[in-house]
Structure formats: C-alpha cells, structure tokens
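Topology and contacts: notes
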Amino acid sequence: MTDSTAQHPSRQRVVIVDDHAMFRAGVKHEIGPLVSVVGEGSDVETAVTTVLATTPDVVLLDVHLPGGGGIEVIKQVHEKDPDIKFLAVSVSDAAEDVIGVIRAGARGYVTKSINGLELVDAIRRIADGDAVFSPRLAGFVLDAFSGSIDIAAVDEDLDRLSQREREVLRLIARGYAYKEIARELFISIKTVETHVSSVLRKLQLSNRHQLTRWATDRRLV
Amino acid sequence: MTERDSPRLGPDTSAPRPSLAEIAAQLDRQTVAGPSATAPVEAPKQLRATRVASGAWLGGVCTGLAAHLGWPVLLIRAIVVALAGVLLVGAVVYAVLWLAMPIDRSPAAPGIDAATRTGMRTQTSVRSSDIGERLALLLLGVGVALLVQFLVPSWQVVPFWPMVVFAVGVALVWTQADSLMPRIGRRRRMRAVMQALLGIALIAGGIVLTISRGFGIRALTTPQWTGVILFVVLLAVAAPWAFRTRTALTVAREQELLANARADVASHLHDSVLQTLALIQRQADDPRAVAALARKQERELRQWLYGESHEADTIKTALEAAAAEVEDDGGVTVDLVVVGDHELDVRMDALVRASREAMLNAAKHSGADRVDVYAEILDDVAEVYVRDRGQGFEVGSVSDDRMGVRGSIVDRMARHDGTARIRSVPGEGTEVWLRMELE
C-alpha cells in the first residue's frame, strides 16, 4: 500500500453521500485522519453536483437517498464522467438494493456497521480499481448464479462464474479476507482481486436467463 | 466450560441465561417475540385476478389469468391467440381484461416500501415502456389487420387505414389510463396531456375518414354524423378518465385499510425501540450489554424492515434463529449468509443444531467478537461453515477436554451420515465445516 504513494498521495479523496448528517459526521470522524474527505452530499442533486465538481477517487454512497436513490446518482454521474468509482454503504440488506446498486455500476457494497479501518481498506481497494464484496454480497451473487456450473451448458462466458470465481466468492462469504483467500487457494492477492473484479463485471453485464429470473422474482427489472 | 454443551433434548433451548436474561425477557414481553411474529401486515387476500408484471409479454393478462386459475400460461396464451383469429374476439377479450384487471402490486417489505414512496430508491418501473416495444406492438397490430383483410376479403367493407388511425388514437388515449400515476412530475404530465390530445385527434380523424369514405365528404356536414363524431370522441376521452377514477377509489380504500394496520405496527415498533433505548441508557456503563441490546434491536428491526417472509420451517429460518440465540447468549456478532434453502427435516435439524453448537463454541471460547457463518444448500448437499478469528486451539486435544465439540458436533453429524471437520490454528482462529447430503 505504501509503495503506491509515488503515483498519488496515499490519502484518497473521498466524497460522502448520505442523507443523515449524523452518519456523515461519524464516518468523517472515523476515516478523516486516513483519507481526505473533499465533499459531502445529502440528496441526489447535491451529490451529483459535488461529485462532478470535486472528482474524488471514491464516492461513499448511501443506497436510500432523497431524489431517486443511490442508483440515480451513479447514473447521472456516469453520464458525465464514467470513471468515478462508487462504494455503496447501506443499512439495507435487501437483495434488490444490493444487486440493484451493483448492477447500476457501484464497485462494491458494504454495510454501515463496517468499522473505520475496514472502510478505509475498502476505499483504497476501490480507488485502485478493485471490487469490494461483503460476505452478504458474495452470498447474493452465488445465489443469483447458482446452478450455473453446469459444464454441459454452452453459455456465453459472461453468463456463468468460473470454478475459481465461485471458490473465491464462497471464501468471501465464509468471512475470509483477500489475504486469507490467497493463502487458502495458493494464489496471489492480485489474482484474488482479478477474480473479484471479473465477477463484478459479469454481474453488471450478464444477461443470463437465471440472473434475469432471479432479478424478476425480486422485482429488480 | 462445557455446561452449555450438555445434551439437549427436544427443541427447548432456553437454558439458564447469563445476566442479560432479565433484560431480554423484559424485552420479549415488550416487543413482538421473534422474527416470525414481526411479519409485516398483509393486505387482505384478493380473490380477483391481477395482471402480473413479471413474465409478461404484453400487459401480463395471460400470466395473471394463469396464476389466478392455476392453468399453464402457454395454454391461456394459445386460447387467446386462437380466439384472436376468430373475428379478433381474443384481442377484444384481452383488451377488456387488460383494462379490468388491476396490476399486481404486492407490497414490498415496509423499509423498502417506505424508501420507494419517499423517493429514496430508484423506482424500478413495473413495465418498461420504451418506444421500440410500442412500435413493435403497433407493427404487429397492423400486420395482423392486413393479414385478416387479405384472408377475409369480405372485410374489405371496413376501410382499413382509417381504422388503423382510429385504433392508434384509442391506444394513445388508453395507455395514459393504464398507468396509475400516483404522483408524476410536470414534464411527464405534459407528455401525458400531449399524448391524450394526439390520441383524440387521431380518433376524430379516423372517424372523419371512415365516414367520408363510406358516405362522401358531404355526409360530414349533416348533424347526425357530427353528433356521432362528437359522441365517439367524448366516449374515448371520458372512458379512461372514469376508469382511472375507479382505480383511484379502489386504491384509496385499500390504503385506508392498510394505513390503520400500519399505524398499529408502527406504534408497536416505536415501543420496542424506545424500550431498548431506555435499557441502553440504564446500562450505559456496561459496553457489552449495550452492544448486545443494540444488536438485538437491530436484528429485530432489520428482520421486520427488510426480512423476507418465510412461510414454512426451512434451514435458513432455523439457522437465522440459531444465530440470533447465539448472539444474545454469547454477546458476539454472528454474520450469517445463506445461499439456497431446503425444508427442515430430522437430518437438516441435526445439521442446524450442530451449526448452533459450533457458533456457541466460537462465541464462548474463541474470544473473537464476530463469528462468520456461511451456509450453502445446493440440490444434493448442504454445507455450513462456522468461522471465527479467535485464539484457536490444538485440534488433537479436542477429544479429551472438549466434550461439547465431540458430542454435539462431530458425533451428531456422524449419527445422521454427515461429516464434521474442524480446522483450528492456535492464534489464528477456528473453522468448523459441516456437510450433509440431502435425500
């Protein structure tokens, strides 16, 4: 982590978007010493303006937000600047919220009960272009893609998870950190990150029948 | 150390509790006991058929009818299509049903519902109405009409293109009536008005064309025909309005019923949260108790707000209940992720009990403040992983000083043809892996 200081100051520039001022203050207090909080937003409109004006490394985005929700923020910002990275932070565990915001383009999802250090770690990961999956998100993804390891199926690549990706997701769901996953599977942390990013891409782009049905059952489409 | 691991007979799990017992008991009396009782209010079960948005081809009429009658969708679609061939009866029936059947709007969990209502979520529209889809529908309609004209030459009497213009007009006006539009923005309202006006113009144009072709331009100036035109246009405009009013009335009535029920639940909820907050204030000097109270309340609220309703006893519900108990008894956070689900039978019950024992062990002995539990139920096998990042232990010494692990985890799994494996590294933590084949 310290090696990357050469390219950019190690303190990531972060915008916090949440309609609860208390939560914003709390997060700022916790992560403030480790990253630099360059702006805040309390609804879709202020969030989009702030994010576009400050172009932060990472946006911490609440899923439920006045004015159309976090998904709307991602859509509007990505229209203008598709490179902005979002990390969804929410109290909601509902599958439709979690998968919905990821499908909209967020690069990760964590719950609000996450502690400060873990959050900073997640922010760094996202800033470096990786994806951040909580155990719950990994569970949802496995659920959505379940039954997809049918070898006979001539699905498109996008529409199924590779054996390795499944293994990585299962370990995440079991509560393993990337480092521990790497050790468990005898691969490098970078490879773990590659697998997770690839799962994220599949989740965002896949049209697979089962994912669609899974989403329809939960009224996502 | 093994007092909690003593053999359990029957489902009674209320062994003597630690100091939090009184608080918990007090809470239980105040709040609705357990997740099952906190199920959200359900709207009265409707006997009428509803249109179903998911799986719909057009308006969801066939899917809705199929769900209502319990027939296969394909059969109903076939009947409608067959009827459509006979003087377009099927199409008319479909159109009438489309208008008469309300859209199925089963309420989401209250938290999501509320967030949707207050605009905190992006509304995932019930049916996407992109232009391409409408164009395709229109072309399909024109195609069918042309085909009918071609196959049934006697229908040439009805002038074709004026009818198409008329039909498009009606469709434009009625698509506005289809949407319920609880609160729409000004721009969308403008669009709706423009669409309705265009529709009316087309309807009038269609009639004028029909009459002028059938009876000559002169006929238009006669009072009878002017009356007919006015009447039809009025009908086309008034009908959607009447329909919408009727729908709005029904919705209002339903919402009043729901509002009463919701008010009751809301007051109940407030009681429970306020009660917990009061308890937290009284115990402010005991961080563990405060954390436990907060966690318990969070779990209850979360279950109520975002929980999926579970009807029957399944592995998932049983694991959730077990995790909740361990959280309360052990004062740790149990992070449970379940993929898939299955009915709870005797063997799966044993699996859940073994999992619970593993969680409890982690909570009591590992020293970690969080336990990760991952359960995966596939078609033929159920697996549970219970993991902590605590102090760990030498696995070799288990058989002697940890009767709990042997008796209630390993042996229990073995008795039901399951497998239990324990991996532990001193200083790094423990993971218990349980596996049982489904029958």
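Structure report, in brief.

Conventions adopted
- Residues numbered from 1 in each chain as written.
- Chains lettered and ligands numbered in written order.
- Predicted model: local features only at pLDDT ≥ 70, side-chain atom pairs only at ≥ 80, totals over all residues.
- Heavy atoms only, no water.
- Helix = DSSP H or I, 4+ residues; strand = E, 2+ residues; numbered from the N terminus.
- Buried < 20%, exposed > 50% of the residue type's maximum accessible area, 1.4 Å probe, protein only.
- Contact = heavy atoms within 4.5 Å.
- Areas by Shrake-Rupley, 256 points an atom, 1.4 Å probe, with all protein chains shown as cover.
- Axes fitted to C-alpha atoms, helices over the stretch in contact; angles between N-to-C directions.
- Parallel < 35°, antiparallel > 145°, perpendicular 65-115°, else oblique.
- Left-handed = near helix turned anticlockwise from the far one by under 90°.
- Pairing = 2+ DSSP bridges.

**A short note on the overall build of chain B**
- On a plain count of helices and strands, chain B comes out with 15 helices and five strands.
- For chain B, buried positions account for 36% of its 439 residues.
- Counting only contacts in chain B whose residues sit at least 6 apart along the sequence, the fraction spanning at least 24 positions is 68%.
- Put simply, chain B shows about 25200 Å² of open surface, and 64% of that area lies on carbon and sulfur atoms.

**Focus on the packing of helix α6 (residues 135-144) of chain A against helix α7 (residues 163-173) of chain A**
Residue and element names in this part refer to chain A.
- Between α6 and α7, whose axes approach to 7 Å, the crossing angle comes to 140°. One finds that α6 runs oblique with respect to α7. Crossing angle aside, the handedness with which α6 passes α7 is left-handed. Across the interface between the two elements, Pro 135, Ala 138, Gly 139, Val 141 and Leu 142 of α6 pack against Arg 166, Leu 169, Arg 170, Ile 172 and Ala 173 of α7.

**Some details on the sheet that holds strand β4 (residues 85-90) of chain A**
Residue and element names in this part refer to chain A.
- With parallel pairing, the six strands of this open sheet are ordered in space as β2-β1-β3-β4-β5-β6. Only two strands of the sheet have a single neighbouring strand rather than two, namely β2 (36-41) and β6 (132-133).
- Note that strand β5 (residues 108-111) and β6 share two bridges and pair parallel. When the bridges of β6 are listed, Gly 108 appears paired with Val 132.

**Remarks on the sheet that holds strand β5 (residues 429-437) of chain B**
Residues and elements named next belong to chain B.
- On the basis of which strands lie adjacent, the open sheet formed by five strands has the order β1-β2-β3-β5-β4 and mixed pairing. For this open sheet the edge positions go to β1 (333-339) and β4 (419-425), each flanked by a neighbour on one side alone. Averaged over all pairs of adjacent strands, the angle between their axes in this sheet comes to 10°, without regard to strand direction.
- The sheet contact formed by β4 and β5 spans seven bridges and is antiparallel. In the strand pairing of β5, Ile 422 is matched with Val 432.

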